Amino acid sequence: MKTLFIGGIKSGKSRLAEAFILEQAATEKPYYLATTEFFDDEMQARIQIHQQRRQDLFVTLEEPVKLFEAVQKCRGPVLIECVSMWLNNQLYHQIPEGDILQELDTVLQLTGNMVLVHNEVGLSVVADNRLARQFVDLSGKAAQLMGQHCDQVYFCSAGLKMKMK
Amino acid sequence: MKTLFIGGIKSGKSRLAEAFILEQAATEKPYYLATTEFFDDEMQARIQIHQQRRQDLFVTLEEPVKLFEAVQKCRGPVLIECVSMWLNNQLYHQIPEGDILQELDTVLQLTGNMVLVHNEVGLSVVADNRLARQFVDLSGKAAQLMGQHCDQVYFCSAGLKMKMK
Amino acid sequence: MKTLFIGGIKSGKSRLAEAFILEQAATEKPYYLATTEFFDDEMQARIQIHQQRRQDLFVTLEEPVKLFEAVQKCRGPVLIECVSMWLNNQLYHQIPEGDILQELDTVLQLTGNMVLVHNEVGLSVVADNRLARQFVDLSGKAAQLMGQHCDQVYFCSAGLKMKMK
C-alpha cells in the first residue's frame with residue numbers, strides 16, 4: 001500500500017507520516033529514507049529535530065539523488081522524507097524534468113508499503129523567478145503522479161490530516 | 001448547475017474540471033471558454049498542452065476580457081478556464097475591482113451548466129508588491145462569490161478533489 | 001469548546017468564524033478580540049471593513065500583544081481575530097519563539113468558548129528572506145498547537161469550510 005502526506009511548511013505532515021507508518025508497521029522496524037542533501041545552518045537545525053524524533057524507531061538511510069536504488073534496498077515499509085527535497089536535488093543536478101518524473105513513476109511501481117511526504121507549494125501567486133516556477137510546476141506534476149498511484153492521500157494543515165483519497 | 005474547481009498551480013484542477021464537465025455533458029459537446037490573453041513562451045507551452053488535451057471534445061471559444069458576453073453565447077454546458085486569468089486580464093486593463101466582481105456576479109446568475117476553474121493564491125505570506133496583493137485580494141473575493149453561487153465546490157491538490165460544498 | 005478557522009488571505013475565514021461564534025453564543029454577546037497593531041492605509045481599510053461587519057454584535061477589545069491577559073478578561077465566548085497578526089506583533093517586539101508559543105499554549109488551556117482565526121501561510125515555496133521564513137515556521141507551529149488543543153478545526157477556502165477535526 002502507498003500513502004501520500006501532502007501539506008505546507010510546518011503543517012505537521014512529517015510527524016503525521018511517521019506516526020502513520022509506525023502504526024502500520026507494528027511488528028517490523030520501518031525504513032526512514034532521508035533525501036536532504038544541502039545543509040545551511042537553518043536546514044541543519046531542522047534535520048536535527050527530525051533525527052531526535054526518529055530515535056530508534058526507524059532504520060535510517062540517506063540518499064539525496066538515487067531514489068529508486070535506495071527504495072529498492074529497503075526490506076520493509078519505507079517512509080520517503082521528503083519527495084520535495086529529492087526533486088530540488090534533481091533540479092540542482094540539472095536532471096531533465098522528464099527523467100525525474102520517470103524515476104518517480106518507477107519508484108511508485110515498486111510493491112510494498114511506502115509512505116511519501118511532499119510539500120504542496122502551488123497555493124500562491126506565480127513566483128517571480130523562473131527557477132521557482134520550474135520547481136512549482138515539477139512539484140505539482142510529481143504530486144499528481146503520487147496522487148494517482150497512491151492508495152491513500154492526506155492533505156495536512158495545523159497538524160491534522162484530511163483524507164483526499 | 002454550477003461547479004467550482006479551486007486549487008493551486010499544477011494541482012490538476014483543469015484536468016479534473018474537464019473530466020467533470022465531459023461526464024456531465026454526455027450527449028452534447030460542451031463549450032471550452034479560454035480566457036488567456038498574454039503569451040510569453042512559458043504560457044504558450046502551457047496553452048498547447050491544454051489544447052492537445054481538449055482535442056475534439058469541446059467547442060473552443062477564446063475571450064480574455066468580455067466574460068459575460070462570451071458565456072451568454074454558449075448554447076450548452078460551459079467550462080470557464082480560468083477565472084484567475086480573466087481577473088488578471090481585467091486588472092491589466094485597469095477595470096475597477098467593483099466592476100470586475102459585478103460582472104462575475106452577473107455571469108453566476110446565468111442559468112445552465114457551468115464549470116469554473118480558479119486558482120487559490122492566498123495560502124502564503126503577504127506578497128511584497130502592491131499589485132500582487134491587489135490580485136490576491138481580488139482573487140479571494142471572486143472565489144468567495146463563486147463559492148456562494150456554485151452548487152458544488154471542489155478543492156484540488158495532487159490531482160485529486162475534496163468536496164467543500 | 002475551542003474552534004479554529006484556518007485558511008488563506010480573503011478565504012472568508014473571519015466571516016465564517018464570526019457567523020460561527022454568533023450562532024453558538026445565541027443568548028450572550030461574544031467578545032471580539034482584535035490583535036491588529038500596525039496600520040498602513042491598506043490595513044486601515046481592511047480594519048474598517050471588519051468593524052462595519054461587527055456592528056453591535058460583539059464586545060470589542062483591542063490587544064495586539066498581551067493575548068493571555070486580554071482573553072482572561074473576557075466573561076463569555078471570545079473570537080480571537082487573528083492569531084497570525086498577534087504572532088507578527090510578537091516577532092516585531094522581538095519576543096523569542098519559545099515564549100510566544102508558551103503564551104499561546106497558556107491561552108489554549110483557558111476554559112470557555114473560544115474561536116481562533118489563523119492564516120495558513122505555508123503552502124508555497126520557501127520565502128527568500130529570513131524574516132518571512134521565521135514567520136512561516138512560527139505560524140505553522142502555532143497552527144499545530146491550536147490544531148491539537150481545539151475541539152473543532154475548519155480549513156477555509158472560497159468562503160467555505162471543510163472540517164478537519
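Cut-offs used in this document
- Residues numbered from 1 in each chain as written.
- Chains lettered and ligands numbered in written order.
- Predicted model: local features only at pLDDT ≥ 70, side-chain atom pairs only at ≥ 80, totals over all residues.
- Heavy atoms only, no water.
- UniProt positions renumbered as here; feature names shortened; annotations may be inferred.
- Contact = heavy atoms within 4.5 Å.
- Buried area = accessible area lost by both parts, 1.4 Å probe.
- Salt bridge = Lys/Arg side-chain N within 4 Å of Asp/Glu carboxyl O.
- Polar contact = N/O pair within 3.5 Å; in protein donor to acceptor, adjacent residues only side chain to side chain.
- Helix = DSSP H or I, 4+ residues; strand = E, 2+ residues; numbered from the N terminus.
- Nonpolar A, V, L, I, M, F, W, Y, C, P; charged D, E, K, R; others polar.

If you check an unreviewed UniProt entry, chain A appears there as Bifunctional adenosylcobalamin biosynthesis protein from Candidatus Methylobacter titanis. The heading Sequence similarities (unreviewed entry) in the UniProt record of chain A holds the text "Belongs to the CobU/CobP family." Taken directly from UniProt, the Function (unreviewed entry) text for chain A runs: "Catalyzes ATP-dependent phosphorylation of adenosylcobinamide and addition of GMP to adenosylcobinamide phosphate."

Undergrad: Any chance you could explain the interface of chain B and chain A here in plain terms?
TA: Accessible area lost on assembly of the parts is the figure often given for the size of an interface. Counting residues at the interface gives 24 residues for chain B, matched by 23 residues for chain A. Between chain B and chain A the total buried area reaches about 1,900 Å² when both faces are included, carbon and sulfur atoms providing 63% of it. Contact with chain A buries area across many residues of chain B, yet Ile-9, Lys-10 and Met-162 of chain B alone supply 32% of it, more than any other trio. At the boundary of chain B with chain A, the tally comes to 0 salt bridges. For the pair chain B and chain A, the interface holds 4 residue pairs in polar contact (both at pLDDT 80 or more). For the side of chain B that touches chain A, the secondary-structure elements that each account for two or more residues are helix 2 (41-54), helix 6 (130-149), strand 6 (152-157) and strand 7 (160-163) of chain B. Residues that form the side of chain B that touches chain A fall into these classes: 10 nonpolar, 8 polar and 6 charged.

Undergrad: Explanation requested: the pattern of salt bridges in the structure shown.
TA: For side chains bearing opposite charge, pairing can occur when the charged atoms are close. Residue and element names in this part refer to chain B. What the rule picks out here adds up to 3 salt bridges over all chains. Here Glu-97 makes a salt bridge to Lys-141, at a shortest N to O gap of 2.5 Å. With Glu-97 in helix 5 (residues 97-109) and Lys-141 in helix 6, this residue pair connects regions lying 44 residues apart in the sequence.

Undergrad: Is there a simple way to think about the UniProt feature "active site" (unreviewed entry) in chain A in this case?
TA: Residue and element names in this part refer to chain A. If you check UniProt for "active site" (unreviewed entry), the listed places come out as His-50 in our numbering. Take His-50: it is sitting in helix 2 (residues 41-54). Apart from residues lying up to four places away in sequence, His-50 is in contact with Ser-14, Glu-18, Tyr-32 and Glu-81.

Undergrad: Help me understand the interface of chain B and chain C, please; the structure alone is not making it clear to me.
TA: With 23 residues of chain B at the interface, the matching set in chain C holds 24 residues. Of all residues in chain B, the largest losses of buried area upon contact with chain C belong to Leu-123, Gln-144 and Met-164 of chain B, amounting jointly to 36% of the total for that side. Connecting chain B to chain C are 0 salt bridges. Across the contact surface, chain B and chain C share 4 residue pairs in polar contact (both at pLDDT 80 or more). Of all the secondary-structure elements, those providing two or more residues to the side of chain B that touches chain C are strand 1 (2-7), helix 6, strand 6 and strand 7 of chain B. By residue number, the principal contributor to the side of chain B that touches chain C is helix 6 of chain B, which donates 9 residues. Among the residues making up the side of chain B that touches chain C, the classes are represented as 11 nonpolar, 5 polar and 7 charged.

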